[in-house]
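Overview (structure and organization)
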Amino acid sequence: MEKEKVLALVTNKAKMKAFKSIMGVLPSTPGPLTFVGSGSTAKLCTHIAGLNVSKVLIVTDKPLVDLGIVAKATDVFEQKGVEVLMFDGVKPDPTIDLIEDGLAIQMKNSCDAVLAIGGGSSIDAAKTIAAAATNGGKSKNVIGYYKVKKEPIPLFAIPTTSGTGSEVTFGAVVSDAVTHEKFFIADPKVTPKAIALDPDLITGLPPSITAATGMDALTHAVEAWISTWANSNSDSYAKQSIQMLFKYLPIAYAEGSNLEAREQVSIAAYYAGIAINTGAVGYVHAVAHQFGAWYSTPHGWANAVVLPEVLRFSKDKVEGRLAELADMLSLSLPSDSTGTKADKFIEAVVQLNVSFGIGTSLEAIKASDVPAIATRAVKEGSGMPVPKMMDQAECEALIRSLMV
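Notes on the structure in this doc start here. (Residues numbered from 1 in each chain as written. Predicted model: local features only at pLDDT ≥ 70, side-chain atom pairs only at ≥ 80, totals over all residues. Heavy atoms only, no water.)

1. Quick notes on the sheet that holds strand β7 (residues 171-175)
With respect to topology, 3 strands assemble into an open sheet ordered β5-β8-β7, the strand pairing being mixed. Unpaired on one side and paired on the other, β5 (144-145) and β7 mark the two borders of the sheet. (Pairing = 2+ DSSP bridges. Helix = DSSP H or I, 4+ residues; strand = E, 2+ residues; numbered from the N terminus.)

See below:
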């Protein structure tokens, strides 16, 4: 093994040991109070109003306002006498500048609570706003690991996609508008206090977004499962999530109005979010984040394409773990097959991508970008509890395998 790779391995082990020791002494944070099922949006908003909240900031995006989704919450608040302030400027991969716009509304109006309505971008933006408001009024004050010194404004969330799991995780991702670099906020204090998983809000989600966000959830569950930080708790949630997604995601994709499938996929994404709270993610996210930065590739779509290749790369270290998933899903091997159960699981992931129209490659990748993308991905991945370290050359090869 090359000297650089040995050094990277030693450094990774040291980082993971340090992070794990920090996590071990942090006070445990209960998961959010969760309202599930048709009508749960109204139940959550009634709950918020019952907490003596007089003014709430809703963090969302303009399309959800135009579609009438946000009105399902504002109507309840109006009935309960709660004043609503609206920040509907959220865009995919929210930037620090964008978040500062929402934060300015909060700082000016001193809302008692923040409610995120939307996908991961809206929830991550709301987390940052709620935390920054009580920590100096600047987003930069809470960026990093365990930088949220003071308790945020009470935060609540209603996810309108079933994928990121941000409604239950203690992390958020924000971007630099100029460099497109991703920054992480990780602190149990940013976990929402209560959430609603309401299938009524997502029946109109287009099949392509249903697939991409669902594969994002699957990526969370699988990466938590193969993480070196995996434990009995994260394993339990990861396995349940994987099993539910293989069963219900194809139904939700084909039958968008199927409330049972929508609800079960939302719960699966929630479970996957719990799994990554302790299991974390790995190289799939490290590479996918760069595709989002370079080409604005939707995060779930990028994760879906990258996942099988990272599993192939890591297979020799996690073959037994992947075989266990294959057994759980009853994935059988042809009698004349020379592959392994682990190969069967990887192939099952590929087939999901193909059936959803995601495919196995990304047209946007340019050969000239590959070295820079790999450099950032390797750097990001070196700080994650991955089962197998990847060097520059290996990462470049993986990215090139995804080119058309």
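Resuming the write-up.
2. Section: the sheet that holds strand β3 (residues 83-87)
Read from one edge of the open sheet, 6 strands run β1-β9-β6-β4-β2-β3, paired in parallel fashion. The sheet is open, and its two borders are formed by β1 (33-36) and β3, each paired with just one other strand. Averaged over all neighbouring strand pairs, the angle between strand axes comes to 20 degrees, with direction disregarded. Strand direction decides the pairing type here: strand β4 (residues 113-118) and strand β6 (residues 155-159), joined by 5 bridges, are parallel. Among the inter-strand pairings, Val114 is bridged to a residue of β6, identified as Leu155. With respect to the sheet, helix α2 (residues 40-49) is in contact with β1, β4, β6 and β9 (194-197), its orientation differing from that of β9 by roughly 165 degrees. Sitting on the sheet, helix α5 (residues 96-109) is in contact with β2 (55-59), β3 and β4, with an inclination near 160 degrees to β3. (Axes fitted to C-alpha atoms, helices over the stretch in contact; angles between N-to-C directions. Contact = heavy atoms within 4.5 Å.)

3. A few points about the pairing of strand β8 (residues 182-186)
Two faces belong to every sheet, and in a regular strand the side chains alternate between them. Sheet topology note: the β5/β8 ladder contains 2 bridges and is parallel. From the neighbouring strand, Gly144 faces β8, where its bridge partner is Ile185. In this sheet, β8 lies alongside β7 in antiparallel orientation, the contact comprising 5 bridges. Within β8, the residue paired with Val173 across the bridge is Phe184.

4. Considerations on the pattern of salt bridges
One pass over the full model with this rule turns up 11 salt bridges. One salt bridge in this structure joins Asp66 and Lys62, with 2.9 Å as the shortest N-O distance. Here Asp66 and its partner Lys62 are both found in helix α3 (residues 62-66), 4 residues apart, which amounts to about one turn of the helix. Classification of Asp66 as exposed rests on a relative accessible area of 54%. Glu324 is paired through a salt bridge with Lys239; the nearest N and O atoms lie 3.2 Å apart. (Salt bridge = Lys/Arg side-chain N within 4 Å of Asp/Glu carboxyl O. Buried < 20%, exposed > 50% of the residue type's maximum accessible area, 1.4 Å probe, protein only.)

5. So, the environment of Thr134
Mapping Thr134 onto the fold places it in the loop between α6 (120-133) and β5. Owing to a relative accessible area of 26%, Thr134 belongs among the partly exposed residues under this scheme. Distance in space between the C-alpha atoms of Thr134 and Met107 is 9.4 Å, their sequence separation being 27 residues. When near neighbours in sequence (up to four residues on either side) are disregarded, Thr134 contacts Lys150, Glu151, Pro152 and Ile153. Among the polar contacts listed, one links the side chain of Thr134 to the side chain of Asn135, at a separation of 3.1 Å. (Polar contact = N/O pair within 3.5 Å; in protein donor to acceptor, adjacent residues only side chain to side chain.)

6. Some thoughts on the state of the cysteines
Under the defined criterion, the tally for this structure stands at 0 disulfides. Its sulfur unpaired, Cys45 is 14 Å from the next cysteine sulfur, which belongs to Cys111. Look at Cys111 and you get buried, because its relative accessible area is 6%. (Disulfide = S-S within 2.5 Å.)

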